[in-house]
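Architecture and fold: a report
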Amino acid sequence: MADPVQQAVRCEICPKTCLIRPGQSGECRIRVNVDGQLQSVTYGRPCAIHVDPIEKKPFFHYLPGTEALSLATVGCNLHCKNCQNWEISQANPEDMAAYSLSPSEIPALARKHDCLSVAYTYTEPIVFYEYTTDSSRVCKDAGLRNLIVTAGYINPDPVRKLSRVIHAATLDIKAMSDAFYRDVCGASLAPVLRGIDIMLEEGVFLELSNLVIPTLNDSDENFRDLCRWVREHAGAETPLHFLRFFPLYRMTHLPPTPADTLIRARDIAKAEGLKHVYVGNLDLPDGENTFCASCGHVVIRRSRHVVTENRLNHGACPDCGRALHGVWQ
Amino acid sequence: MTAMRTRRCFLGQLSFLCAGLAVFGGDVCRASNAVSSFRDTRPLGAPPWRSRDAMLCVGKWAG
């Protein structure tokens, strides 16, 4: 009889490095030890295929006004108590309905729906890593852009390889606190920051977000630490989105983030020198607009993920001519 | 008298509920279409059911 310890495999995608015994899965629920071999059981089996405005990812400086074919399989290596997509991120693969969609079928589907990009999103593209990378290669060859929406909790080697097939990432820094990552998400901060550095080294276009949860990560200190880190590592022109929290999943005892808190976060970010700071999930005048970093005029106007006016002139401000940080075509 | 009081109480509760919906309704609607949410976009039909066995058959070796 085979020794289950001998047949255990270690998954090395994320810093949890789960030791998985035969028949069991890692913490993400979808990386399974089948007879001593590690298998990604949701490969080619997305549970969500949607067409979204790219602004919903959120990407505000990458192909604005276009749509992204958005894919997700079940599973996540984090267990955030506030997860808004918990029905799929915290589900077992055998409990969820799924489509059958091989990587080679994705480009045609994207073109059919007039999408210029494919986004691996909603749950965590890191845990369905092989599907993300294989699909990205096929889509890149077909002239499509690959986007990931991620928490960035990944080991250095996998993130470096992934960075070579994707074009852009929007990455959610949950808080600048290891205690927050541990208590709310079941993870840690350092690997996320290290992953961002690697993505930047590899030339991935990056936007960052921070979901602001009342009482947990809404202090001035958290905002200031975050903004300083972004400025020093990613640059002052990197877009940063402060997002409003809604009471969901295991965090229904907290209220939605007050508008004043998000405005305070934005003010701190601007005081720290960040040029493109946004407020999401809240109808705030100018909250989603892009301003020229030089003259301060509105260049792109948005309302609820929709571009209502785009004044960009060949990637530059039409009033002062300053080039705007981003990928515009 | 009791019936009238009951009716008044019911109407009072109803108006309280309506006021509550007016205040929080926006939040609820907004939450369903929040950034990165998989709700309220254009899903491409309902996914067919696939059992785990079926997934294992077509899955890819990751190790």
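Reading the values: the criteria
Residues numbered from 1 in each chain as written. Chains lettered and ligands numbered in written order. Predicted model: local features only at pLDDT ≥ 70, side-chain atom pairs only at ≥ 80, totals over all residues. Helix = DSSP H or I, 4+ residues; strand = E, 2+ residues; numbered from the N terminus. Rg over C-alpha atoms; globule rule 2.2 N^0.38 Å. Buried ≥ 20, exposed ≤ 12 C-beta atoms within 10 Å, placed from the backbone. Pairing = 2+ DSSP bridges. Right-handed = clockwise from strand over helix to strand, strands pointing away. Arc of directions from axis to C-beta. Core = buried A, V, L, I, M, F, W, Y, C linked by C-beta atoms within 7 Å. Contact = placed C-beta atoms within 7 Å. Domains from an automatic or database assignment. Nonpolar A, V, L, I, M, F, W, Y, C, P; charged D, E, K, R; others polar. Axes fitted to C-alpha atoms, helices over the stretch in contact; angles between N-to-C directions. Parallel < 35°, antiparallel > 145°, perpendicular 65-115°, else oblique. Left-handed = near helix turned anticlockwise from the far one by under 90°.

In terms of helices and strands, chain A carries eight helices and 15 strands. For chain A, whose C-alpha radius of gyration is 20 Å, the value lies close to the compact-globule estimate of 20 Å for 329 residues. Summarising its shape, the C-alpha atoms of chain A cover approximately 75 × 45 × 35 Å along the three principal directions.

Right, let's get into the overall build of chain B. Within chain B one finds two helices and two strands. Its helices and strands in sequence order give chain B the pattern α-β-α-β, from N to C terminus. For chain B, buried positions account for 13% of its 63 residues.

Here the focus is the pairing of strand 9 (residues 168–172) of chain A. Residue and element names in this part refer to chain A. Pairing between strand 8 (residues 145–150) and strand 9: four bridges, direction parallel. Note on strand 9: the bridge partner recorded for V149 is T170. Note that the unit made of strand 8, helix 4 (residues 156–163) and strand 9 has a crossover that is right-handed. Strand direction decides the pairing type here: strand 9 and strand 10 (residues 205–212), joined by five bridges, are parallel. For A169, the partnering residue across the bridge sits in strand 10 and is L206.

We now examine unusual backbone geometry. The amide bond that connects A:K57 to the next residue, A:P58, takes the cis arrangement and shows omega of 10 degrees. Position of A:P58 relative to the elements: it lies in the loop between strand 5 (48–53) and strand 6 (67–72).

We now examine helix 5 (residues 178–185) of chain A. Residue and element names in this part refer to chain A. Buried within helix 5 are the following residues: Y181, V184 and C185. Seen from one end, helix 5 has its buried residues packed into an arc of 95 degrees, which puts them on one side. In this structure, helix 5 carries D178, A179, R182 and D183 as exposed residues pointing more than 90 degrees from its buried face. One or two positions beyond helix 5, positive phi appears at G186, with a value near 70 degrees.

Residue and element names in this part refer to chain A. One open sheet accounts for three strands, arranged 13-14-15; its pairing is antiparallel. In this open sheet, the two edge strands, each paired with only one partner strand, are strand 13 (290–291) and strand 15 (306–310). Note: strand 13 against strand 14 (residues 298–303), two bridges, orientation antiparallel. Pairing of F291 across the sheet is with V298, part of strand 14.

Bringing the nonpolar core into the picture now. One recurring pattern in soluble globular proteins: nonpolar side chains tend to sit buried together. Residue and element names in this part refer to chain A. The biggest cluster of nonpolar side chains holds 95 residues, and the ones touching the most others in it are V118 and L147. If near-sequence neighbours (up to four positions away) are discounted, L147 is found in contact with K57, F59, A68, S117, V118, A119, I166, H167, A168 and A169. With five residues, the next largest nonpolar core counts C292, V299, C317 and L324 among its residues.

The subject of this paragraph is the environment of B:A34. Mapped onto the secondary structure, B:A34 falls in the loop between helix 1 (2–32) and strand 1 (42–43). Spatially, the C-alpha atom of B:A34 lies 22 Å from that of B:P47, the residues being 13 residues apart in sequence.

In this section: the domain arrangement of chain A. Accessible area lost on assembly of the parts is the figure often given for the size of an interface. Residues and elements named next belong to chain A. Split into domains, chain A comes out as domain 1 (42–288) and domain 2 (297–329). In this structure, domain 1 and domain 2 have C-alpha centres spaced 22 Å apart. On the domain 2 side, the residues contacting the 13 residues of domain 1 number ten residues. Of the residues assigned to the side of domain 1 that touches domain 2, the class counts are six nonpolar, three polar and four charged.

A word on the packing of helix 6 (residues 190–201) of chain A against helix 7 (residues 220–234) of chain A. Helix-helix packing: each pair is described by the crossing angle between the helix axes and the interaxial distance. All names here are of chain A. Packing of helix 6 against helix 7 brings their axes to within 11 Å, and their N-to-C directions diverge by 30 degrees. Overall, the two elements helix 6 and helix 7 adopt an arrangement that is roughly parallel. Where helix 6 crosses over helix 7, the handedness of that crossing is right-handed. Facing helix 6, whose interface residues are L193, I196, D197 and L200, helix 7 presents W229, H233 and A234. Looking at the contact of helix 6 with helix 7 residue by residue, the class counts come to five nonpolar, one polar and one charged.

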